[in-house]
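Residue strings, one per chain:
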Amino acid sequence: MKNCHAVQKTILIFLILIMACCFNYAAAAAPSIVPVPASVDELDGSFTVTKGMKIYAPKNMVAVAKQFADVFKGYEFLIVEGDGEEVPGALNIVQEGMLVAVTGEESYMIEIEPELIKITAGAPAGAFYALQTLRQLMPPEAEGGAATDAQIPAIKIMDRPRFRWRGLMLDVSRHFFTVDFIKKYIDTMVMFKLNTLHLHLTDDQGWRIEIKKYPALTQVGAWREKSGIKDDLSLSPTGPAHGGFYTQDEIREIVKYASDRFVTVVPEIDMPGHMQAALASVPGISCSGKRYKVRTQWGVNPEILCAGSDRTIEFVKDVLTEVMALFPGEYIHIGGDEVPKNNWKKCEKCQARIKKEGLSGEEELQGWFMKQAGDFLAAHGRKMIGWDEILEGGLPPGAAVMSWRGTEGGEKAALSGHDVVMSPTSHCYLDYRQSDDNEPSGGFGAVTPLQKVYSFEPVPSSLNREQSVHIMGLQGNLWTEYVSEQSHAEYMTYPRAAAIAEVGWSMRKRMNWDDFSERMKNAYRRFDIIGVNYRAVRDSDDSTSK
Ligand code: TNX
């Protein structure tokens, strides 16, 4: 009988969640939650959070409860293991496992009543996101260490994400960022329910990941003689020598930290272009056989890996083997962008490869090269993702595309049955300036204001329902040619990453620019208290924001 009651209750919760996620609730999204939840019902009264409040959590959700308690240290919340409790005066986290099958692991429900708070989630990820929402309902000042009683208005929220890939890319190659900074970057992104951190680990200007088989990659490839700084945007930078890398232990630390917060770290080893740091470190992988230095200049580089040399293919497989062992996620990013093919035209080995493999020319040679890497990943149970240039030489089966030169590449890939992450320069490039009003830049002239980011729709209108399933989500990219300081990196990221997050999580019908701008005020107060830099709204924005 008890069982029967539980099943009925679960079915009821499903129905409510499904309804919440299908219909557009007319009620304005008054509470300052970003991204805006699928459904919000404001109720009468309020719950008072007090010092020493108990948090009841099932065993597998104790860790996320503890992370919540750590944000509000002053309150000394007491975590008690248990499931199904509805204890007055407490925050009760309850697991309804069957929810996972219906609304996914990331969905949740929060009921705040004057007597108690109840969170219902199918899996720890859902409980984690419920707690991010609850965090935003607490006064920002409560994160400052004090423990004054906090009134939170009674409310019922049901929520689930629209897309499964809600990402940010951090370019740690052009400038190295410390492990502590990456952890802080993760802490901030999860506040907005972003769940994918793409680390651009290698490029012409620096190799940042220890590879045991090729120690020179970090002994040599991680250091360069000059670097770009935000006050001097010349193509050949005049800033100081620069370098740094992550040991494999540090990578494991980052991956674990991220995974504890439901963030998947996607590593990128950019190939066959953007590889000069490797060319400077490892012999036998270039067409010319020249001695290279780690590049200090920016832009598209004619020096690329030799696709004709077997040594190169072996090198790529060796590197990917170590990378796969460190990053457990489904996808490994293998770049593929900006590959000038002049060297290949002149290279005997590359021409011999084209002949031997029956390829039509250098474009198909890139396709062949990417397929070697992609097949190797597939043989080890992983999937490749690459920038949209990989479409040009023929896309290996199962490859996913990250569409950066507009959305057309992504559209084409989705039409041919490939999965896609949308990340067009027009809306998602966080190195572009946020207004044309004397704005610090990431190096590149274009202006991408917050409202433009917010207006981005990742699913092209040409796709039918079935094809649109291939759009996995979207990602904001922070390239760091001229971003060397942590505070500058945060400034370029926020608030635009919050707009990316709302596009990625919320239903289109729930989104509204004025409402978002209003809701973000709470986040700005929180940023001020916890010390995250961001671009503050300016009076002059009205004329430049569109
Ligand atoms: C293009 S986006 C690049 C990067 C630069 C960026 C600057 C992409 C795949 N390649 O190498 O850093 O532009 O905005």
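Conventions adopted
Residues numbered from 1 in each chain as written. Predicted model: local features only at pLDDT ≥ 70, side-chain atom pairs only at ≥ 80, totals over all residues. Heavy atoms only, no water. Buried < 20%, exposed > 50% of the residue type's maximum accessible area, 1.4 Å probe, protein only. Helix = DSSP H or I, 4+ residues; strand = E, 2+ residues; numbered from the N terminus. Arc of directions from axis to C-beta. Near = heavy atom within 4 Å. Polar contact = N/O pair within 3.5 Å; in protein donor to acceptor, adjacent residues only side chain to side chain. Areas by Shrake-Rupley, 256 points an atom, 1.4 Å probe, with all protein chains shown as cover. Nonpolar A, V, L, I, M, F, W, Y, C, P; charged D, E, K, R; others polar. Salt bridge = Lys/Arg side-chain N within 4 Å of Asp/Glu carboxyl O. Pairing = 2+ DSSP bridges. Axes fitted to C-alpha atoms, helices over the stretch in contact; angles between N-to-C directions. Parallel < 35°, antiparallel > 145°, perpendicular 65-115°, else oblique. Left-handed = near helix turned anticlockwise from the far one by under 90°. Contact = heavy atoms within 4.5 Å. Core = buried A, V, L, I, M, F, W, Y, C linked by side-chain atoms within 4.5 Å.

Here the focus is helix α13 (residues 408–415). If you check which residues of α13 are buried, you get Gly-409, Gly-410, Ala-413 and Ala-414. Along α13, the residues classed as buried sweep out an arc of 130° about the axis, all on the same side. Within α13, the exposed residues directed more than 90 degrees away from the buried face are Glu-408 and Lys-412. Two residues or fewer past α13, Gly-417 is found with a positive phi of approximately 85°.

Residues in contact with the ligand, as listed here, are Arg-174, His-274, Asp-337, Glu-338, Trp-387, Trp-404, Tyr-429, Asp-431, Tyr-432, Phe-444, Trp-479 and Glu-481. Note that a nitrogen atom of the ligand is positioned 3.5 Å from one of the side-chain N or O atoms of Glu-338. Considering the ligand on its own, with 360 Å² of exposed area, one finds that the protein chains cover 94% of that surface. A breakdown of the residues in the shell around the ligand according to their chemical character gives six nonpolar, one polar and five charged.

Next up on the list: the pattern of salt bridges. One pass over the full model with this rule turns up 36 salt bridges. As a salt-bridge pair, Arg-525 and Glu-141 come within 3.0 Å of each other at their nearest N and O atoms. With Arg-525 in helix α19 (residues 513–530) and Glu-141 in the loop between α4 (124–137) and β7 (150–159), this residue pair connects regions lying 384 residues apart in the sequence. Using a relative accessible area of 40% as the deciding quantity, one classes Arg-525 as partly exposed. We classify Glu-141 as partly exposed; its relative accessible area is 40%. A salt bridge links Asp-249 to Arg-252, with the nearest nitrogen and oxygen atoms 3.0 Å apart.

Moving on to the sheet that holds strand β8 (residues 165–171). Pairing in this closed barrel of eight strands is parallel, and the strands run β8-β9-β14-β15-β16-β17-β18-β21 around the ring. With strand direction ignored, the average angle separating the axes of adjacent strands in the sheet is 25°. The pairing of β8 with strand β9 (residues 196–200) spans five bridges and is classified as parallel. Across the sheet, Leu-168 pairs through a bridge with Leu-197, a residue of β9.

We now examine the packing of helix α5 (residues 179–191) against helix α17 (residues 486–493). Closest axis-to-axis distance for the α5/α17 pair is 12 Å, and the angle between their directions is 20°. In this view, α5 runs roughly parallel relative to α17, as classed from their interaxial angle. Regarding α5 and α17, the two cross each other, and that crossing is right-handed. Contact residues: Phe-181, Lys-184 and Tyr-185 in α5; Gln-486, Ala-489, Glu-490 and Thr-493 in α17.

This part takes up the nonpolar core. Core analysis: the largest hydrophobic core is formed by 149 residues, its most contacted members being Trp-207 and Met-271. Trp-165, Met-169, Met-402 and Val-421 belong to the second-largest nonpolar core, a separate cluster that totals 14 residues.

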